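# Analysis of the macromolecular model
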Amino acid sequence: MNKSSVMVGVSIMGIVSGVIAILLLPPTDETVNLDMSRTHGTISTAMGSPILGNPSAPITIVEFGDYQCHQCYNWFHDTKPAITHNYIDTGKANLVFVDYPFLGDGSSKAAQASYCAEDQEKYWEYHHLLYNYQESAIDSGWASSDKLKFFASNLGLDMELFESCLDSDKYSKRVQYNIQQAQKNNVHGTPGFFIVGPNEQKQINGPQPYSTFKQIMDPMI
């Protein structure tokens, strides 16, 4: 059996598992306007972020992260800009962020807040803002509900809608689903990455430098 056949088989199993898990969720506003069949390699990204970049790009970078993770902060500032410039902006790759909030109480709330921003088509703007305002101490208050609302106000969001979304825990099950995807795919810390090409998938652990991503992605293009 060749590598392509193995990859197809694993991908189908991932799709089936993801669909079954999604069907177990009660119908809520969390699944409205989402592509519930969306997968990348073995990972169901249906509940993750909007796709950053061209959805038809040959490579997808799946990033598992926590908004209170300082190593995620480092990767966001030190490595992601070059990947964005050389791969995402050029159509060679796209990126999906999947929450893995485990470091503190504020981690899950920040993840939920990002989807409340998505309701107003500002997911990536809010995502970027969180990684620019992150403080080094976990649960220091920077990701409290009040601060998350302050960040939304800075983006000019409709605050009545945003506050209603955040206070109601509208996206708590969506975040929990993403945590399950991290665990099912053996992500043991953040940031964690999967590089998914046409016929293969490779895992990267930790905030590796640009050269590591380039070495893996270039042969896939």
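Residues numbered from 1 in each chain as written. Predicted model: local features only at pLDDT ≥ 70, side-chain atom pairs only at ≥ 80, totals over all residues. Heavy atoms only, no water.

Time to look at the confidence of the model for the protein chain. Mean pLDDT over the protein chain works out to 88, with 85% of the residues at or above the 70 mark. Counted against residues more than four places away or in other chains, residues 1-24, with its pLDDT under 50, gives 20 contacts. (pLDDT = per-residue confidence, 0-100. Contact = heavy atoms within 4.5 Å.)

The subject of this paragraph is the packing of aromatic side chains. On inspection of all chains with the given rule, the structure shows 17 aromatic pairs. Where Tyr100 meets Phe102, the ring centres are 5.1 Å apart and the plane angle is 40 degrees; that geometry is what we call tilted. On the basis of relative accessible area, Tyr100 is assigned to the buried category, the value being 11%. Under the relative-accessibility criterion, Phe102 is labelled partly exposed at 43%. Through pairs of rings, three or more aromatic residues link up here, namely Tyr67, Phe76, Phe97 and Tyr131. Above the plane of the ring of Tyr171 lies Arg174, whose end atom (NZ or CZ) is 5.5 Å from the centre. (Phe/Tyr/Trp six-rings, centres within 6.5 Å; stacked < 30°, edge-to-face > 60°. Buried < 20%, exposed > 50% of the residue type's maximum accessible area, 1.4 Å probe, protein only. Lys NZ or Arg CZ within 6 Å of the ring centre and 35° of its normal.)

Looking now at the side chain of Gln181. Relative to the elements of secondary structure, Gln181 occurs in helix 8 (residues 172-184). Those residues in contact with Gln181 that sit more than four places away from it in its chain are Thr42, Ile43, Ser44 and Phe64. (Helix = DSSP H or I, 4+ residues; strand = E, 2+ residues; numbered from the N terminus.)

Turning to the pattern of salt bridges, a few remarks are in order. All told, the structure shown has five salt bridges when counted by the stated rule. Asp119 serves as the salt-bridge partner of Lys170, at 2.9 Å between the closest nitrogen and oxygen. You can see Lys170 sitting in the loop between helix 7 (159-167) and helix 8 and its partner Asp119 sitting in the loop between helix 4 (105-118) and helix 5 (123-133), a full 51 residues away along the chain. When the shortest N-O distance is used, the salt bridge between Asp167 and Lys149 registers 2.9 Å. (Salt bridge = Lys/Arg side-chain N within 4 Å of Asp/Glu carboxyl O.)

Our next topic: the nonpolar core. As a rule of thumb, soluble globular proteins bury nonpolar side chains together. With 55 residues, the main nonpolar core has Phe64, Tyr67, Tyr126, Phe162 and Ile195 as its most contacted residues. For Phe162, the residues in contact, after removing those within four places along its chain, are Ala113, Cys116, Ala117, Gln120, Tyr126, Leu148, Lys149, Ala152 and Leu157. (Core = buried A, V, L, I, M, F, W, Y, C linked by side-chain atoms within 4.5 Å.)

In spatial order, the strands read 4-3-5-6; together these four strands make up an open sheet with mixed pairing. Of all the strands in the sheet, just strand 4 (93-99) and strand 6 (201-205) have a single pairing partner and so form its edges. Averaged over all pairs of adjacent strands, the angle between strand axes in this sheet comes to 20 degrees, irrespective of strand direction. The pairing of strand 3 (residues 59-65) with strand 5 (residues 192-196) spans five bridges and is antiparallel. Its bridge partner being in strand 5, Glu63 is matched across the sheet by Phe193. (Pairing = 2+ DSSP bridges. Axes fitted to C-alpha atoms, helices over the stretch in contact; angles between N-to-C directions.)

What follows covers helix 9 (residues 210-217). Residues of helix 9 that are buried: Phe213, Ile216 and Met217. The arc enclosing the buried residues of helix 9, seen along the axis, measures out at 90 degrees, which places them on a common side. On its buried face, helix 9 is in contact with strand 3, helix 2 (70-78), helix 3 (80-88), strand 4, strand 5 and strand 6. (Arc of directions from axis to C-beta.)

Of note, the amide linkage connecting Thr190 to Pro191 takes the cis form, showing an omega dihedral of -5 degrees. Of note in this structure, Glu121 is not a glycine but carries a positive phi near 60 degrees. A positive phi angle, near 60 degrees, is found at Asn186, a position not held by glycine. One can find Asn186 in the loop between helix 8 and strand 5.

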